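# Topology and contacts: notes
What follows is each chain in one-letter form.
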Number of protein chains: 2
Amino acid sequence: MKVMIVDDHFVVRSGLVASLELEEGIEVVAECEAGESAPDFYAASSPDVVLMDMQLPGWNGIETTERLLEQDPSAKVLIFSTFARDDEIQAALDGGAKGYLQKTASRDELLGALSRIAEGGNYLAPAIANRLAGLKLGPSITLREREILSLIAKGRANKEIAAALGIAEDTVKRHISNVLQKLGVSDRAQATAEAIRRGIVKVEE
Amino acid sequence: MKVMIVDDHFVVRSGLVASLELEEGIEVVAECEAGESAPDFYAASSPDVVLMDMQLPGWNGIETTERLLEQDPSAKVLIFSTFARDDEIQAALDGGAKGYLQKTASRDELLGALSRIAEGGNYLAPAIANRLAGLKLGPSITLREREILSLIAKGRANKEIAAALGIAEDTVKRHISNVLQKLGVSDRAQATAEAIRRGIVKVEE
DNA sequence: GTTCTCGTCCCCCTTTTGTGGGATGGCGAA
DNA sequence: TTCGCCATCCCACAAAAGGGGGACGAGAAC
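Residues numbered from 1 in each chain as written. Chains lettered and ligands numbered in written order. Predicted model: local features only at pLDDT ≥ 70, side-chain atom pairs only at ≥ 80, totals over all residues. Heavy atoms only, no water.

## Digging into the sheet that holds strand β5 (residues 99-102) of chain B
- One open sheet holds the six strands; their spatial order is β2-β1-β3-β4-β5-β6 (chain B), and the pairing between them is parallel. Of all the strands in the sheet, the pair left with one neighbour each is β2 (27-32) and β6 (123-124) of chain B. (Pairing = 2+ DSSP bridges. Helix = DSSP H or I, 4+ residues; strand = E, 2+ residues; numbered from the N terminus.)

Below you can see the structure in the form of structure tokens.
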């Protein structure tokens, strides 16, 4: 089985290489530090499975997965993330990933997930699968709403947001009113915290 | 140099072992998955440096560091964390750690930090050191202001904050006005984002 | 002593925010 | 096609937010 690794942490890459190369029949054919370079590495090494980190500078794991799938619709991506946030898992699976594993997973779980996916199957850690099954999917946040949320987090007033997007201030207020309800919060400050928690808005260093 | 590793992620442990064992003069004498077992491993292997993960189930990195220092006040601990939150770094250094390194660090940075600390020195990633220095130079956020910031992030209105703290609404407004200036932001939404970024307010799963 | 910051309180003022109502056009799914 | 959702716009209104002024007591710092 040919495996490609996408992770910006050298320590994770070398840990994965060290564990996987020990295994009979597994070969790491590419290691890549950034989402942006993944398509080229993929084309050059045609791996059976891609092990993809979620938190990457630049393109994140989801975006990179989508690009790989544009390039090769049969690409098999296993997301390997530090976190297990429901919305992130949902987004990863929606984006076409074949599985989702936390970095707390044991070596056996990792190997099991890899072989399941190489065979064309899917893999979700049991704990995650259960949680997702019981998850009541709340109303989804639209593109426009996400856009406005990120401007709110930057301290923009409704008037400024309207100007930036070229729409009326009343429309902005309407969007905000809707998104506050969807997030189950009462004002833009709490919406900011919730958007950051859900990964809708990023906080850069 | 004898190194002990404390990290619950097998992939990080094997990555560290793989990278460190390649190096002349470095030997990994203990690997440990939980803070609770660290003291025993430490006593059995007497390492020169302990590489400590921050996010551990049970005892976290700071608590484990403190226990190791009770046991051996000359223990040298290098925190190896996924994050770089100001308050966490502060707590780690206050707790007696000799250094703080993010998991995004390169192999060279890691080796450099390890040898600096083995020699009895300290190590803070340059970016982090600058940021901490910058924060100390900037105006400091008072206790009351932090308290109010976290209530703002929870969506509380000024009136509610006043009631919760048993003070007048005008006083709350005064505090908010001050803290907005100190953070260099224009409203409570942006203040929320900034407070989260600086680690003043935490976002839990 | 004096000066400084912190936390507290009051007044007044403008601007912003958030919600309610109602309305239109587009677009995709049932 | 009809229905629902998205995005857009309008109006009106109450509440909230944020800034300005001035003031006071406690305690730390000089």
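## A look at the protein's contact with DNA strand D
- Close to DNA strand D lie 18 residues; T142, R144, A168 and H175 of chain A together with R174 of chain B are nearest.
- Sugar plus phosphate: this is where 61% of the atoms of DNA strand D within 4 Å of the protein reside.
- In this structure, a phosphate oxygen belonging to DNA strand D sits 2.5 Å away from a main-chain N or O atom of A168 of chain A.
- For DNA strand D, a phosphate oxygen lies 2.9 Å from a polar atom in the side chain of R188 of chain B.
- The set of elements that each furnish at least two residues to the surface near DNA strand D consists of α9 (169-183) of chain A together with α8 (158-165) and α9 (169-183) of chain B.
- Looking at the surface near DNA strand D, the element that brings in the most residues is α9 of chain B, giving five residues.
- Residues that form the surface near DNA strand D fall into these classes: five nonpolar, five polar and eight charged. (Near = heavy atom within 4 Å. Polar contact = N/O pair within 3.5 Å; in protein donor to acceptor, adjacent residues only side chain to side chain. Nonpolar A, V, L, I, M, F, W, Y, C, P; charged D, E, K, R; others polar.)

## So, the pattern of salt bridges
- Tallied over the entire structure, the rule returns 19 salt bridges over all chains.
- Note that E147 of chain A and R144 of chain A form a salt bridge whose closest N and O atoms lie 3.0 Å from each other. With a gap of three residues between them, E147 of chain A and R144 of chain A both fall in helix α7 (residues 143-153), about one helical turn apart.
- The class for E147 of chain A is partly exposed, based on a relative accessible area of 34%.
- Of the residues examined, R144 of chain A reaches a relative accessible area of 28% and is grouped as partly exposed.
- For E194 of chain B, the salt bridge goes to R198 of chain B, with nearest N and O atoms at 2.8 Å. Separated by four residues within a single helix, E194 of chain B and R198 of chain B lie in helix α10 (residues 188-198), roughly one turn from each other. A single burial state applies to E194 of chain B and to R198 of chain B, both of which are buried.
- If you follow the salt bridges from partner to partner, you end up with D7, D53 and K103 of chain A in one network. (Salt bridge = Lys/Arg side-chain N within 4 Å of Asp/Glu carboxyl O. Buried < 20%, exposed > 50% of the residue type's maximum accessible area, 1.4 Å probe, protein only.)

## Some words on the packing of aromatic side chains
- All told, the structure shown has zero aromatic pairs over all chains when counted by the stated rule.
- Above the face of the W59 of chain A ring, R67 of chain A is positioned so that its terminal group lies 4.1 Å from the ring centre. (Phe/Tyr/Trp six-rings, centres within 6.5 Å; stacked < 30°, edge-to-face > 60°. Lys NZ or Arg CZ within 6 Å of the ring centre and 35° of its normal.)

## Let's talk about the environment of G25 of chain A
Residues and elements named next belong to chain A.
- Relative to the assigned elements, G25 resides in the loop between α1 (10-21) and β2 (27-32).
- Note on G25: relative accessible area 55%, which makes it exposed.
- A C-alpha to C-alpha distance of 27 Å links G25 and A92, two positions 67 residues apart in sequence.

## Regarding the domain arrangement of chain A
- On domain assignment, one finds that chain A holds domain 1 (2-133) and domain 2 (143-198).
- For domain 1 of chain A and domain 2 of chain A, the distance between their C-alpha centroids amounts to 33 Å. (Domains from an automatic or database assignment.)

## Side note on the protein's contact with DNA strand C
- The environment of DNA strand C is made up of 18 residues, and the closest members are R174 and S177 of chain A together with T142, R144 and A168 of chain B.
- One of the side-chain N or O atoms of T171 of chain B is found 3.0 Å from a phosphate oxygen in DNA strand C.
- Of all elements in the fold, only α8 (158-165) and α9 of chain A together with α9 of chain B reach the threshold of two or more residues within the surface near DNA strand C.
- For the surface near DNA strand C, the element with the highest residue contribution is α9 of chain A, accounting for five residues.
- Residues belonging to the surface near DNA strand C are distributed by class as follows: five nonpolar, five polar and eight charged.

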